[in-house]
Amino acid sequence: MLRQHPPPLIDSHVHTDDERLKNDRHQVLEDARRANIVAQVVPAISHRLWPRVQAVCAQQDDLYACYGLHPCFHDEHETSHIDELAVWIGREKPVAVGECGLDYFIAGADKARQQHLFSAQLALAREFDLPIVIHARKAVEDVIRMIRSSGHYRGMVHSFNGSKQQATRLIDLGYKLSFGGAVTFDRAKRLRELVAQLPLDALLLETDAPDQADANHTGQRNEPAFLIDVWQSISQLRAESAHDVASATTTNAIELFRLPLVNPA
Ligand SMILES: [Zn+2]
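Nothing here was measured: the structure is a model prediction, and the numbers come from that model. (Residues numbered from 1 in each chain as written. Predicted model: local features only at pLDDT ≥ 70, side-chain atom pairs only at ≥ 80, totals over all residues.)

Colleague: Whenever I open this one, helix α3 (residues 80-92) confuses me. Can you help?
Modeller: Because each turn of an α-helix spans 3.6 residues, side chains separated by three or four positions in sequence point in the same direction. An ideal rise of 1.5 Å per residue puts 18 Å on 13 residues; α3 measures up with 18 Å between its terminal C-alpha atoms. For α3, the full list of buried residues reads L85, W88 and I89. For α3, the angular spread of the buried residues around the axis is 100°, confining them to a single face. Projecting away from the buried face of α3 at angles above 90 degrees are the exposed residues S80, D83, V87, G90 and R91. At its buried positions, α3 is contacted by α2 (50-58), β3 (63-67), β4 (96-103) and α4 (111-127). (Helix = DSSP H or I, 4+ residues; strand = E, 2+ residues; numbered from the N terminus. Expected span 1.5 Å × (residues − 1). Buried ≥ 20, exposed ≤ 12 C-beta atoms within 10 Å, placed from the backbone. Arc of directions from axis to C-beta. Contact = placed C-beta atoms within 7 Å.)

Shown next as structure tokens:
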């Protein structure tokens with residue numbers, strides 16, 4: 001029954017502009033709308049791809065763009081891209097700065113360079129009074145430290161996979177934590193325990209499509225419509241009803257990104 005009448009949900013982190021959705025993006029969007037995904041927050045990852053995110057989001061009322069420089073694409077980033085990002089943000093009025101952050105997992109990670117670009121994007125988010133969309137892999141401690149020194153206390157860490165203690169510190173700094181397909185796997189015991197315990201007003205739902213497919217879609221291309229599975233999985237882990245989890249996470253996303261929507265739940 002739930003699948004036929006899902007409450008309104010927001011995909012807080014989805015790469016709807018990705019090349020892998022190119023041939024059937026229209027259908028992917030229709031499927032998401034049928035699943036009652038009422039908004040998608042679409043972060044860009046490099047200077048080269050800002051125009052693609054802009055073009056895809058401009059055509060659809062329920063897609064909201066963000067612009068940033070992702071730490072996994074450092075070979076593409078140039079120092080001048082920060083100045084261009086400022087111009088782009090001022091002109092395009094995105095809902096957030098990002099995707100940016102730190103990734104110490106990738107081979108040959110240049111930590112100093114990553115930190116330089118992340119720090120510049122924290123400063124831009126603060127200057128433009130926008131939330132920041134953070135990617136943090138094997139780098140949550142440095143992300144927390146850099147948020148503190150930036151003085152920017154509005155944003156989210158997507159696909160959060162740190163400790164309970166780190167989660168609490170981020171929430172105390174005013175940040176929200178977003179969870180996706182990873183929590184749907186039974187073997188993700190520590191992550192599932194964490195999602196069960198965090199305050200509801202700090203939670204967001206995401207697919208990170210076309211990557212990070214959930215347990216019901218392993219090996220498949222991920223899609224925003226599959227957010228339903230993330231929501232149901234998180235709802236089963238928590239004390240609140242599935243409806244309350246949907247309503248709260250939708251409200252959290254609307255407030256964080258200041259989306260021009262009223263939560264209909
Ligand atoms: Zn992403």
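Colleague: What am I meant to see in the packing of α4 against helix α5 (residues 140-150) here?
Modeller: Pairs of packed helices are described in terms of their axes, by the angle between the two and the distance that separates them. Contact pair α4 / α5: the axes reach a minimum separation of 10 Å and the direction vectors enclose 45°. Put simply, α4 runs oblique to α5. Like other packed secondary-structure pairs, α4 and α5 cross with a definite hand, here right-handed. Contact with α4, carried on its side by Q115, F118, S119, L122, A123 and R126, involves D142, M146, I147 and S150 of α5 and no other residues of that element. Considering only residue class, the contact of α4 with α5 consists of five nonpolar, three polar and two charged. (Axes fitted to C-alpha atoms, helices over the stretch in contact; angles between N-to-C directions. Parallel < 35°, antiparallel > 145°, perpendicular 65-115°, else oblique. Left-handed = near helix turned anticlockwise from the far one by under 90°. Nonpolar A, V, L, I, M, F, W, Y, C, P; charged D, E, K, R; others polar.)

Colleague: How do you make sense of unusual backbone geometry when you look at a structure like this?
Modeller: Trans is the common state for peptide bonds, and a negative phi is the common state for residues other than glycine. Of note, the bond from G98 into E99 is cis; its omega dihedral lies within 30 degrees of zero at 20°. For the bond running from A209 to P210, omega is 10°, close enough to zero to count as cis. Of note, P210 is situated in the loop between β8 (203-205) and α8 (227-237). Phi is positive for D129, which is not a glycine, with a value near 55°. If you trace the backbone, D129 turns up in the loop between α4 and β5 (132-137). The class of D129 is exposed, set by 9 C-beta atoms lying within 10 Å. Phi is positive for Q212, close to 55°, though the residue is something other than glycine. Here Q212 lies in the loop between β8 and α8.

Colleague: Mind showing me how you'd approach helix α1 (residues 25-34) here?
Modeller: Every buried residue of α1 is accounted for by V28, L29 and A32. The buried residues of α1 occupy one face: seen down the axis, they fall within an arc of 95°. Exposed residues on α1 whose side chains face more than 90 degrees from its buried face are H26, Q27, E30 and R34.

Colleague: Would you take a moment to explain the sheet that holds strand β2 (residues 37-43) for this structure?
Modeller: Through backbone hydrogen bonds, the strands of a sheet pair up, either in parallel or in antiparallel fashion. An order of β1-β2-β3-β4-β5-β6-β7-β8 is seen for the eight strands of this open sheet, with the pairing classed as parallel. The open sheet terminates on both sides in strands that have one partner only, identified here as β1 (9-11) and β8. Mean inter-strand twist for the sheet, computed between neighbouring axes without regard to direction, equals 30°. In the sheet, strand β7 (residues 175-179) pairs with β8 via three bridges, with the strands oriented parallel. (Pairing = 2+ DSSP bridges.)

Colleague: How should the packing of α8 against helix α9 (residues 242-257) be read in this particular structure?
Modeller: The contact between α8 and α9 brings their axes to 9 Å, and the two run at 120°. Judged by the inter-axis angle, α8 sits oblique to α9. For α8 against α9, the interelement crossing comes out right-handed. Between α8, through W231, Q232, I234 and S235, and α9, the contact on the second element is made entirely by A242, V245 and A246. Classifying every residue of the contact of α8 with α9 by side-chain character gives five nonpolar, two polar and no charged.

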